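# Breakdown of the fold
Letter by letter, the chains look like this.
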Amino acid sequence: MRDEVDELIEAWARERGDLDLGPVSVFSRISRLAHHVDRARRQAFTTHGIESWEFDVLAALRRAGEPYELSPGRLLRETLVTSGTMTNRVDRLTVRGLVERHPDPSDRRGVLVRLTPEGKDAVDGAFAALLDAERELLTGLSESDQTELAGLLRRLLVPFAG
């Protein structure tokens, strides 16, 4: 079975046979797959009326468990965005009725961001749709292949965790 990356590698080998093209065979495929995953994510989220960045915030709150709330600082760590970006995102989600701000009972100066019932419905529906789309993308791999691939990708990602 051949794909477009095989053709790309052959062309580079012809032009730059002096280089080890092994990384291209891995990362060009990861890049192309990421494009398909991103498209599936956008479609799943759009179907449920939210954008990718909204899903990231809502999903962080949903994963926190009841009462589905986190401090803005914890949301920053969960979503890897800047403080200014998070403030803007929470403001926009509040206007849409998907989250609310509440005083932090353990810190008089602090606030907690809480998922509303509408936000919970939106993120739950989008997540279920995302899982369906991702399951479809994996249909060419057996369960054991998926487990092996997940393990290999984990080994690549661990050095970046922190």
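Data block above holds the structure.
Our subject in this report is the structure included herewith. Note that the structure is a prediction, hence the values are computed from the model and not measured. (Residues numbered from 1 in each chain as written. Predicted model: local features only at pLDDT ≥ 70, side-chain atom pairs only at ≥ 80, totals over all residues. Heavy atoms only, no water.)

### Brief notes about the overall build of the protein
Secondary structure summary: the protein contains seven helices and three strands in total. Over its C-alpha atoms, taken along the principal directions, the protein stretches across nearly 65 × 30 × 30 Å. Relative to its 162 residues, the protein shows a buried fraction of 26%. The long-range fraction of contacts in the protein, counting pairs at least 24 apart against all pairs at least 6 apart in sequence, stands at 47%. Here the protein displays about 11200 Å² of accessible surface, and carbon together with sulfur accounts for 55% of that area. Between the centroid of the 23 positive side chains of the protein and the centroid of its 28 negative side chains there is a distance of 5 Å. (Helix = DSSP H or I, 4+ residues; strand = E, 2+ residues; numbered from the N terminus. Buried < 20%, exposed > 50% of the residue type's maximum accessible area, 1.4 Å probe, protein only. Contact = heavy atoms within 4.5 Å. Areas by Shrake-Rupley, 256 points an atom, 1.4 Å probe, with all protein chains shown as cover. Lys, Arg positive; Asp, Glu negative; His and termini not counted. Charge placed at Lys NZ, Arg CZ, Asp CG, Glu CD.)

### Observations regarding the packing of aromatic side chains
As enumerated under the stated definition, the model contains two aromatic pairs in all. Ring centres of phenylalanine 55 and phenylalanine 127 lie 6.3 Å apart, and the angle between their planes is 25°; on these two criteria the pair is classed as stacked. Residue phenylalanine 55 is found in helix α3 (residues 52-63), and its partner phenylalanine 127 is found in helix α6 (residues 117-137); the two are separated by 72 residues along the sequence. Look at phenylalanine 55 and you get buried, because its relative accessible area is 7%. Looking at phenylalanine 127, the relative accessible area reads 42%, which means it is partly exposed. Put simply, the rings of Phe45, Phe55 and Phe127 touch in pairs and so form one group of aromatic residues. (Phe/Tyr/Trp six-rings, centres within 6.5 Å; stacked < 30°, edge-to-face > 60°.)

### As for the pattern of salt bridges
In total, this model carries 16 salt bridges according to the counting rule given. Here arginine 114 makes a salt bridge to glutamate 69, at a shortest N to O gap of 2.7 Å. Of this pair, arginine 114 sits in strand β3 (residues 107-115) while glutamate 69 is found in strand β1 (residues 69-70), placing the two residues 45 residues apart along the sequence. According to the relative accessible area criterion, arginine 114 is partly exposed, its value standing at 26%. Among the salt bridges present, the one from aspartate 107 reaches arginine 109, with a minimum N-O distance of 3.9 Å. The class for aspartate 107 is partly exposed, based on a relative accessible area of 30%. (Salt bridge = Lys/Arg side-chain N within 4 Å of Asp/Glu carboxyl O.)

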